[in-house]
Amino acid sequence: QVQLVESGGGLAQPGGSLRLSCAASGFTFSLYTMNWYRQAPGKERELVAGITRTGRTTNYADSVKGRFTISRDNAKRTVDLQMNSLNPEDTAVYYCNVRRDYNDYWGQGTQVTVSS
């Protein structure tokens, strides 16, 4: 079965950096676009970044463009999110996502808190 396991969250100061990683199993990783979403308290889950199968194309929410970078390693079956210049508005639970056969699969999420 599809499994997505996120890691790398934690506490960062404003202006700081964190790197999230998602380890995938249970499907042919290299065939699917992978995404990172986030959900802040009281808000809807939103798409942060996506990366196509080969990694050639990426897309970002306007709020993170120029600060976050998504990447993938198909050999290792991982997708990472490098987050720089963090601000308190980036505080949220971050989820790894894959849409496979019209179904969305999610990891358990990893908490990112940006605070001084």
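Here, every reference points to the structure presented above.
Here goes a summary of the coordinates provided.

The rules we used
Along every chain, residues carry numbers that run from 1 in the direction the sequence is written. Predicted model: local features are reported for residues with pLDDT of at least 70 only, side-chain atom pairs are reported and counted for 80 or more only, and whole-chain, interface and lining totals are derived from all residues. Processing note: side-chain calculations cover all non-hydrogen atoms of the structure and skip hydrogens and water entirely. Numbering of helices and strands runs from the N terminus, with a helix taken as a DSSP run of H or I at least four residues long and a strand as a DSSP run of E at least two residues long. Classification of residues uses two cut-offs on accessible area relative to the type maximum, computed with a 1.4 Å probe and protein chains only: under 20% is buried, over 50% is exposed, and between them is partly exposed. Criterion used throughout: strands pair if DSSP finds at least two bridges between them. We call a set of buried residues a nonpolar core when its members are Ala, Val, Leu, Ile, Met, Phe, Trp, Tyr or Cys and they connect through side-chain atoms within 4.5 Å of each other. The definition used for a disulfide is geometric: two cysteine sulfur atoms within 2.5 Å.

**Observations regarding the environment of arginine 56**
So, point 1. With respect to the helices, strands and loops of the structure, arginine 56 is situated in the loop between strand S5 (46-51) and strand S6 (58-60).
So, point 2. Spatially, the C-alpha atom of arginine 56 lies 9.6 Å from that of serine 71, the residues being 15 residues apart in sequence.

**Some thoughts on the pairing of strand S11 (residues 110-114)**
So, point 1. Only one face of S11 is buried: it carries Thr110, Val112 and Val114, and the other face, with Gln111 and Thr113, is open.
So, point 2. Of the pairings in the sheet, the one linking strand S2 (residues 10-12) to S11 comprises 3 bridges and is parallel in character. Bridging across to S11, alanine 12 finds its partner in valine 114.
So, point 3. Across 3 bridges, the pairing between strand S9 (residues 92-100) and S11 is antiparallel. When the bridges of S11 are listed, tyrosine 94 appears paired with threonine 110.

**So, unusual backbone geometry**
So, point 1. You will see that arginine 77, though not glycine, has its phi angle at about 60°, which is positive.
So, point 2. Looking at the element boundaries, arginine 77 is found in the loop between strand S7 (68-73) and strand S8 (78-83).
So, point 3. With a phi angle near 50°, serine 85 is a residue other than glycine that sits in the positive phi range.
So, point 4. The residue serine 85 is located in the loop between S8 and S9 in this model.

**Details of the nonpolar core**
So, point 1. Counting residues in hydrophobic clusters, the biggest one holds 30 residues, and the most contacted among them are Trp36, Leu81 and Tyr94.
So, point 2. Mapped onto this core, the elements with two or more residues apiece are strand S3 (18-25), strand S4 (34-39), S5, S7, S8, S9 and S11.

**So, the state of the cysteines**
So, point 1. For the coordinates displayed, the defined rule picks out 1 disulfide.
So, point 2. Covalently, cysteine 22 is tied to cysteine 96 through a disulfide, its sulfur atoms 2.2 Å apart. Taking the torsion about the sulfur-sulfur bond, which here is approximately -80°, the covalent link between cysteine 22 and cysteine 96 counts as left-handed. One end of the pair, cysteine 22, is in strand S3; the other, cysteine 96, is in strand S9, with 74 residues separating them in the sequence. Residue cysteine 22 shares its accessibility class with cysteine 96, and that shared class is buried.

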